[in-house]
Amino acid sequence: MKQLIPITLLSIFFCIHCCYAQDADGRLRGVLVDEQKNPIVFAKLTLSDIATGQFIEAQASDDSGRFCFTGVHQNVRLQAVAIGFDTLQIICGPQDLGIITMTSDVRMLEAVSITASRTTEKGCQYIVVPDTQRLAESGITLNYLNTLNLPGLVVDVPLQSITINGGVPIFQIDGREVSASRLIHLDPNRIRRIEYRDNAGIRYLDRGAAGIINVILTEPTDGGEILAKGTTAFTTGFNDAYVRGNYHWGKSEIAMEYQFSRRNYSNVPYYNEVSYLHDNILTKRTQDLHRPFGYTNHYLNIEYTYQHNDSSMFVATLGGGSLLSHSKLIGNTTTLQNDLTIQTAMTDTVTNQSISPSLELYYIRKLKKGRSIEFDLSGAYSQVKYEDCLTYNNGQSYNTNTKNNGYVISGEALYGQPLGKAFGNIGLQYQHNFASNDYILYDAVDILVKDNAYAYLGIQGPIGEKIYYSIGTGAKLFATQEGDGSKYYVRNLSTVQLNWNIAEHWSAILYADYSPDLPSLSSLSPILQRVDEMEATTGNPSLRPAQNMACWMQLRYAANKKFITLKSGYFNIFNPMVDLYHYDSELSLFVKQPHNGILDDQAYIRMEAGMQDIWNWLNISVSGKFKGEHSKGTDYEHYRNNFSCMVSLLGHWHHWVSGANFGILPEWTLSGETYMDSERSQSVFVQYQWKNLYLVLMWHCPFNAMGYKYESFGLSDIRPSHYYNYTKDNGNMVVLGVTWQINFGKEYNKLDKKLQNSGYDDGIVKTR
């Protein structure tokens, strides 16, 4: 009884204190901090009913870690979730909770390196917590990504492109794959954080993706937005338009996206020099031509999202696009044979028309104890008409006319499960491709079928306090059918990555993977098509999958405003699929056909260094890469070395943002008997912001009247060649862009979801 009295008095005192602490206006507020009293920004906070668990409201903590809910008039369950911290749950009513400390999650590594004030390397990825000032200045997510200087990331604002180590990454919003245009045009003010990986992991290994960029958004509230963007050049046929509208109400959202692109270039010098050698007879042909080209592309996408609660979501997407492209080679061909010179004028006209509607259904559900399931089902239809008409002034003509009808059906199921301090997932993917090609002029119809089934298993977690691992393995069943013949292959895919926290500001990564490269439907078609009087092209039904092996090591130092990354690696393709030429004596033609070589391999070393916020307004980075390449086949072997480098600059001052990318030396690539360079481009841009209006002025290839240059060398003994062309229309080209965003309804923070069909293979063998 004596013990009961003080306990009762204490309880009465606590209740009186809580009554006085409750906010009469129904406000529930507080400040989230870590164990070092640093604010935790953009943590996800949700309110739910104590008895039923029904979701009430959600928001994110601000730059100071503060949050404030209004209209709270009863006890609720408050949950706070932040990357790298244990989930926090509190049962409370309307009151000021004061300072709330969140505990670091022991399953996550401590910060390995800091590349900027808000970029941290954790586990096998980089976590970027955005700077609100930079977000406000950006206009679209593409511009914000350009400020980050993450390892291997190259953002070209004028070209609207994002690459990682020279390859195309997987783009995601809230963990769901989206198109590049969707992520590029996303409103950066809705970004909670960005998760970045410079390798794609076991799930996307079979697609050859270069990495993953996942943008996590703030929670939605009722309201909508319209974003409109247009760009046009002053002197050439360069026009782009993009419009997106979204509206969210309750648990539903509907969005529509339209994209238009047009190119019409008339000044494209083209030079091609080819030699043909057979029975000690040398024929040399030189073409000095112009190649005007253009295309018009329309894309429309409509999607509906239903999010029942924080744990489940369904999305249905209906989309489609159309493409009309054309090119026309005009000029002279000079042929030399046995001291005989023949000059002929030629015209080669190529047109390509296609339509491609698609439908995709997606569902995700988060289960108890951190488990999750995810399903994705998609289908796409394609109709393509391809025509190529080559004529000479002597009356000779060589035509190709192909009609294609095809479809693809694909699906994926993914299950995730915590495993103590680690996390594992298991997935299954399936894709069925069908193509029917009608080669009208050859009176032939080719039916091609390809099936892919891919099962994989992955696990990741910490080893002690310094190392984080990610491993995965899978098996792919690949089946093809052409006519009455069919082939089956089974290949393994495996990947392993170790991230090591060496010391403060120092980190290292070891990575290796093993994966197949599958032939396309077009490369399997046996139909032979004439190109001209000297050449023909065909597929190869006996073509086998290639096998890729890659391994690399990366050392990174990052502190304050400086960073430097050193990366070295080795890449080997066994049985590479390469285009080779042979002479067909019955047809008296040099025939291009895909074959399996013995190997293509390369060893490289790459360095990237830079500084951020120099004088509080300038970012600069420099990168260079040296590589040695080797290709080997039954009848050939080649070696090449190459050094490439580029410089990037970015400045930001009040409402102004400007930047430049200068490719000083291009990167060349050796594959089989072809040695080719990448696009030699330079660009400069400047952007001005006024409220929700952004004006961008872009300058392509400054001080370079010749524009973009493409060049390649054919190293074949029987058909050596040298080819290059300039897109002079892009030389000194100035482009004006305008982006305008309108928000309506409540303050709008949308959970963006956009589904993406991928992997469609039309199977058309194109002669050019």
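Bear in mind that the values here come from a model prediction, so they are computed numbers and not experimental data.

Each value, and the rule that gives it
Along each chain, the written sequence defines residue order, and numbers are assigned to residues from 1. At least 70 in pLDDT is required for a residue's local features to be given in this predicted model, at least 80 for side-chain atom pairs to be given and counted, and no such filter applies to totals for whole chains, interfaces and linings, which use all residues. Hydrogens are left out, water is left out, and the side-chain values use all remaining heavy atoms of the structure. We count a salt bridge whenever a side-chain nitrogen from Lys or Arg sits within 4 Å of a carboxyl oxygen from Asp or Glu. Numbering of helices and strands starts at the N terminus; helices are DSSP runs of H or I of at least 4 residues and strands are runs of E of at least 2. Each residue is placed in one exposure class: buried if its accessible area under a 1.4 Å probe, protein chains only, is under 20% of its type's maximum, exposed if it is over 50%, and partly exposed if it falls in between. DSSP-based pairing: two strands are paired if at least 2 bridges between them are found. A cavity, in this analysis, means grid points on a 1 Å lattice covering only the protein atoms where a 1.4 Å probe fits yet has no way out; a pocket is instead an open set bounded by protein on both sides within 12 Å along at least five of seven lines, and a residue lines either one if it has an atom within 4 Å of a point. Grid points are joined across faces, edges and corners, and a volume is the space filled by probe spheres set on the points. As a working rule, the residues Ala, Val, Leu, Ile, Met, Phe, Trp, Tyr, Cys and Pro are called nonpolar, Asp, Glu, Lys and Arg charged, and the rest polar, with Gly in that last group. Note on definitions: angles span 0 to 180 degrees between N-to-C directions of axes, and those axes are lines fitted to C-alpha atoms, for helices only across the stretch in contact. Each aromatic pair joins two rings of Phe, Tyr and Trp (for Trp, the six-membered one) with centres within 6.5 Å, and gets the label stacked for planes under 30 degrees apart, edge-to-face for over 60, and tilted for any other angle. Lysine and arginine charges are scored as sitting over a ring when NZ or CZ, respectively, is within 6 Å of the ring centre and within 35 degrees of the ring normal. Note on terminology: disulfide denotes any pair of cysteine sulfur atoms within 2.5 Å. Contacts: residue pairs with any heavy atoms within 4.5 Å of one another. By convention a nonpolar core is built from buried Ala, Val, Leu, Ile, Met, Phe, Trp, Tyr and Cys residues, the set being connected through side-chain atoms within 4.5 Å. Within a predicted model, pLDDT stands for the predictor's per-residue confidence, ranging from 0 to 100. Between N or O atoms, a polar contact is any pair within 3.5 Å; within protein, one atom must be a potential hydrogen donor and the other a potential acceptor, and residues adjacent in sequence are included only when both atoms are from side chains.

**Q** Just checking my understanding: could you explain the pattern of salt bridges for this structure?
**A** This model, assessed by the stated rule, comprises 24 salt bridges. Between glutamate 273 and lysine 284 there is a salt bridge whose closest N-O contact spans 3.9 Å. Of the two residues, glutamate 273 sits in strand β20 (residues 269-278) while lysine 284 sits in strand β21 (residues 281-290), which places them eleven residues apart along the sequence. We classify glutamate 273 as partly exposed; its relative accessible area is 25%. As a salt-bridge pair, lysine 627 and glutamate 667 come within 2.9 Å of each other at their nearest N and O atoms. Residue lysine 627 is located in strand β40 (residues 618-632), and its partner glutamate 667 is located in the loop between β42 (656-665) and β43 (668-671); the two are separated by 40 residues in the primary sequence. Within this structure, Arg285, Asp532, Glu533, Glu535 and Arg719 form a network of salt bridges that share partners.

**Q** I would appreciate a short explanation of the pairing of strand β3 (residues 55-60) in the present structure.
**A** One face of the sheet, then the other: side chains in a regular strand alternate in exactly this way. Where strand β2 (residues 44-48) and β3 come together, five bridges link them in antiparallel fashion. Paired with lysine 44 across the bridge in β3 is alanine 60. Linking two consecutive strands that pair antiparallel, namely β2 and β3, is a turn of six residues; a positive phi of about 75 degrees is found at glycine 53 within it.

**Q** What is the right way to read the sheet that holds strand β34 (residues 535-537) from this model?
**A** The strands that make up a sheet pair up through hydrogen bonds in the backbone, lying either parallel or antiparallel. The strand order across the open sheet built from four strands is β33-β34-β38-β37, with neighbouring strands paired in mixed fashion. The two strands at the open ends of the sheet, each matched to only one other strand, are β33 (529-530) and β37 (577-584). Where β34 and strand β38 (residues 589-596) come together, three bridges link them in parallel fashion. Each bridged residue has a counterpart across the sheet, and for alanine 536 the counterpart in β38 is valine 591.

**Q** I would appreciate a short explanation of empty space enclosed by the protein in the present structure.
**A** Following the criterion strictly, the structure yields five cavities of 30 Å³ or more and no others. Volume-wise, the largest cavity comes out at about 290 Å³. Along the walls of the largest cavity sit 27 residues, with Asn146, Asn149, Ser621, Ser648 and Asn661 positioned nearest its centre. Put simply, the parts of the chain that give the lining of the largest cavity at least two residues each are β11 (153-156), β39 (599-614), β40, β41 (637-653), β42 and β45 (682-690). Of the residues that constitute the lining of the largest cavity, the class distribution is 15 nonpolar, ten polar and two charged. Computed from the structure, the second largest cavity encloses a volume of approximately 120 Å³. In terms of lining, the second largest cavity is formed by 15 residues, of which the most central are Ile140, Asn143, Lys229, Val696 and Thr739. Mapped by element, the contributors of at least two residues to the lining of the second largest cavity are β17 (223-233), β46 (693-700) and β49 (733-745). Residues belonging to the lining of the second largest cavity are distributed by class as follows: six nonpolar, eight polar and one charged.

**Q** Just checking my understanding: could you explain the sheet that holds β3 for this structure?
**A** The sheet built from four strands is open, its strands ordered β3-β2-β5-β6 with antiparallel pairing. The outermost strands of the open sheet, each flanked by one partner alone, are β3 and β6 (88-92). Strand-to-strand twist in this sheet, taken as the mean axis angle between neighbours without regard to direction, amounts to 20 degrees. In this sheet, strand β5 (residues 76-81) lies alongside β2 in antiparallel orientation, the contact comprising five bridges.

**Q** Is there a simple way to think about the packing of aromatic side chains in this case?
**A** The relation between two aromatic rings is expressed through the spacing of the ring centres and the mutual angle of the planes. Tallying each qualifying case throughout the model produces 18 aromatic pairs. Ring geometry for tryptophan 615 against tryptophan 617: centres 6.1 Å apart, planes inclined by 25 degrees, an arrangement best described as stacked. For tryptophan 615, a relative accessible area of 63% translates into the label exposed. A relative accessible area of 36% places tryptophan 617 in the partly exposed class. Feature note: the residues Tyr271, Tyr724 and Tyr726 constitute an aromatic cluster, connected by ring pairs. Sitting above the plane of the tryptophan 552 ring, lysine 567 keeps its charged end 4.0 Å from the centroid. Sitting over the ring of tyrosine 675, arginine 640 keeps its end group 5.5 Å from the ring centre.

**Q** How should I be thinking about the state of the cysteines in this particular structure?
**A** Disulfide: a covalent bond formed between the sulfur atoms of two cysteine residues. Inspection of every chain in the model, using the stated rule, returns zero disulfides. In this structure cysteine 68 is a free cysteine whose sulfur lies 12 Å from that of cysteine 92, the closest cysteine sulfur available. Assessed through its relative accessible area of 33%, cysteine 68 is described here as partly exposed.

**Q** Explain the environment of leucine 695 here, please?
**A** Tracing the backbone through its elements, the reader meets leucine 695 in strand β46. Here leucine 695 is in contact with Val686, Gln687, Tyr688, Gly737 and Val738, once residues within four sequence places are set aside.

**Q** Is there a simple way to explain the nonpolar core in this structure?
**A** Burial of nonpolar side chains together is a common tendency in soluble globular proteins. Of all hydrophobic cores here, the largest spans 38 residues; its most connected members are Leu145, Leu153, Ile162, Ile194 and Ile213. Not counting residues within four places of it along the chain, the set of residues in contact with leucine 153 comprises Leu145, Ile162, Thr163, Ile164, Tyr196 and Ile213. The next biggest cluster of nonpolar side chains, apart from the first, holds 17 residues, and it includes Ile40, Ala43, Leu47 and Phe85.

**Q** Could you clarify how one ought to interpret the confidence of the model for the protein chain in this entry?
**A** Any region with low pLDDT has predicted coordinates that should not be read closely. Averaged over all residues, the pLDDT of the protein chain is 87; the fraction at 70 or higher stands at 91%. For the protein chain, strand β8 (residues 114-116) is the element with the lowest average pLDDT, namely 37, and β38 is the one with the highest, namely 97. Taken together, the stretch residues 1-22 has pLDDT below 50 and engages in five contacts with residues farther than four places along the chain or on a different chain. Here residues 106-117 is modelled with pLDDT under 50, and outside its nearest four sequence neighbours on either side it reaches 45 contacts, counting other chains as well.

**Q** Would you mind showing me how to read the pairing of β11 here?
**A** Of the strand pairs in this sheet, β11 and strand β12 (residues 161-164) are connected by four bridges, and their pairing is antiparallel. Following the sheet pairing, leucine 153 is matched in β12 by isoleucine 164. In textbook terms, the turn of a hairpin is the stretch between consecutive antiparallel strands, and for β11 and β12 this stretch comprises four residues, one of which, glutamine 160, has a positive phi near 55 degrees.

**Q** Honestly, the side chain of glutamate 629 in this entry has me stumped. Any pointers?
**A** Within the fold, glutamate 629 resides in strand β40. Since its relative accessible area comes to 5%, glutamate 629 is described here as buried. In this structure glutamate 629 touches Asp601, Gln602, His638, Tyr639, Arg640, Asn641, Trp668, Thr669, Leu670 and Tyr675, once residues within four positions along its chain are discounted.

**Q** Any chance you could explain the environment of glutamine 431 here in plain terms?
**A** Within the fold, glutamine 431 resides in strand β28 (residues 422-439). The buried category is assigned to glutamine 431, whose relative accessible area is 15%. Separated by 23 residues in the primary sequence, glutamine 431 and valine 408 have C-alpha atoms spaced 7.0 Å apart. Among the polar contacts listed, one links the side chain of glutamine 431 to the side chain of asparagine 433, at a separation of 2.9 Å.

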